[in-house]
Amino acid sequence: MRTLGVLNLNDLLMFAAAVEHGGFAAASRSLGIPKSTLSKRVAALEASLDARLIHRTSRSFTLTEVGRDFYEHARAARIEMEAAEDVVRRRVAEPSGTVRITASVPTAQSLLAELLPRIARAFPRLHIDLDVTDRFVDVVQEGYDIALRSHFAPLPDSGLVQRPLDVEHIVLLAAPGYLAEHGEPLAPAELQQHAGLLVGSHAREWTLTDADGSRVTVAPRPRMTANESVVLLGAAEAGLGIACLPEHICRDALASGRLLRVLPGWHAGRVTTTIVMPHRRGLLPGVRAVVDGLVEHAGQQRAG
């Protein structure tokens, strides 16, 4: 029984290119290799097949009968190879695997609770692992792909990739019922006569800034204190007093009318939300898909 030799696939592809371009010169320019190299490789292919595939002279390039038959198979093989390569590239590029995310409680509730299920539905091979915590997280040492951090001052240069996601004001708001009962303050000084819903046990004052950069510090009457913004949001909706919270936390309540802006020309500073990633993690398709989803979602919220 005769054992068939193994063809060099590169030679086969060079032969197909020579046929499709009508000669070695044009094929060599297309492939970016010397004409002499291409001619030698096709000659080696003929030798391995022990068959003449091309009649070639200085002026003509024509296929033999067996060359025509062989070309049809060579062309089919090239198409299958390109299809196989495309399948692999698409599978590699398709977001998959596990993406580990860490975020604070308010960010998880106001942003990720709505967004992450949408991303998971869009990419069935992607597993999202979210750790919700308000403690400091070492992104690299603890193996996270993405950290979402909200901060008032710029983050230190940690060697991590930082991508700003959103900048928003911290605003004053209250329930319509509270304002109807206690009146709406028309100037910052009037806040001292109102019940305040305060963040943290040591925060007794709000420093407010207007569009002109004027600053004033006021101290409302403490009605409730909590170190969790969502709790204060609920207290404001219940009509207990005026709260001072980041815009994204109260966006839905304001849109529905459950809460109203108080002193809309003033704000209590800005909070920035930043995506933080180790350098190499940001190159993974799954990580890119989540980051792109976050950026798109933040843009939609700003436009809305």
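What counts, and where the lines are drawn
- Residues numbered from 1 in each chain as written.
- Predicted model: local features only at pLDDT ≥ 70, side-chain atom pairs only at ≥ 80, totals over all residues.
- Heavy atoms only, no water.
- Helix = DSSP H or I, 4+ residues; strand = E, 2+ residues; numbered from the N terminus.
- Rg over C-alpha atoms; globule rule 2.2 N^0.38 Å.
- Buried < 20%, exposed > 50% of the residue type's maximum accessible area, 1.4 Å probe, protein only.
- Contact = heavy atoms within 4.5 Å.
- Areas by Shrake-Rupley, 256 points an atom, 1.4 Å probe, with all protein chains shown as cover.
- Lys, Arg positive; Asp, Glu negative; His and termini not counted.
- Charge placed at Lys NZ, Arg CZ, Asp CG, Glu CD.
- Pairing = 2+ DSSP bridges.
- Salt bridge = Lys/Arg side-chain N within 4 Å of Asp/Glu carboxyl O.

Visitor: Which residues make up the overall build of the protein, and what values go with them?
Guide: Broken down by element type, the protein carries 9 helices and 14 strands. The C-alpha radius of gyration computed for the protein amounts to 33 Å, which surpasses the reference 19 Å derived for 304 residues by more than 25%, pointing to a less compact arrangement than a globule. Seen along its three principal axes, the alpha-carbon backbone of the protein occupies a region of about 100 × 40 × 35 Å. Every one of the 304 residues in the protein was classed for burial, and the buried ones make up 39%. The long-range fraction of contacts in the protein, counting pairs at least 24 apart against all pairs at least 6 apart in sequence, stands at 71%. Summed over all atoms, the accessible surface of the protein reaches about 17,200 Å², with 53% contributed by carbon and sulfur. Charged side chains of the protein number 33 positive and 34 negative; the gap between the two group centres comes to 9 Å.

Visitor: Which residues make up the pairing of strand E4 (residues 126-132), and what values do they have?
Guide: Working note: regular strand, side chains alternate between the two faces of the sheet. The pairing of strand E3 (residues 97-103) with E4 spans 7 bridges and is parallel. Across the sheet, Ala-103 pairs through a bridge with Val-132, a residue of E4.

Visitor: Got a sec to walk through the sheet that holds strand E9 (residues 215-218)? Specific residues and values, please.
Guide: Pairing within the open sheet is antiparallel, and its 3 strands lie in the order E9-E8-E13. Among the strands making up the open sheet, the edge pair consists of E9 and strand E13 (266-267). Bridge count between strand E8 (residues 206-210) and E9: 4 bridges; the pairing is antiparallel. Bridged to Leu-208 within E9 is Val-216.

Visitor: Any details on the pattern of salt bridges? Residues and values, ideally.
Guide: Between side chains of opposite charge, a pair can form when the charged atoms approach closely. Within this structure, the stated rule accounts for 7 salt bridges. The shortest N-O distance in the salt bridge between Asp-11 and Arg-41 comes to 2.8 Å. One end of the pair, Asp-11, is in helix H1 (residues 9-20); the other, Arg-41, is in helix H3 (residues 35-49), with 30 residues separating them in the sequence. In this structure, the salt-bridge partner of Arg-258 is Glu-237, at a minimum N-O distance of 3.1 Å. Taken as a pair, Arg-258 in the loop between helix H8 (247-256) and strand E12 (260-262) and Glu-237 in helix H7 (residues 229-237) lie far apart in primary sequence, 21 residues in all. Since its relative accessible area comes to 39%, Arg-258 is described here as partly exposed.

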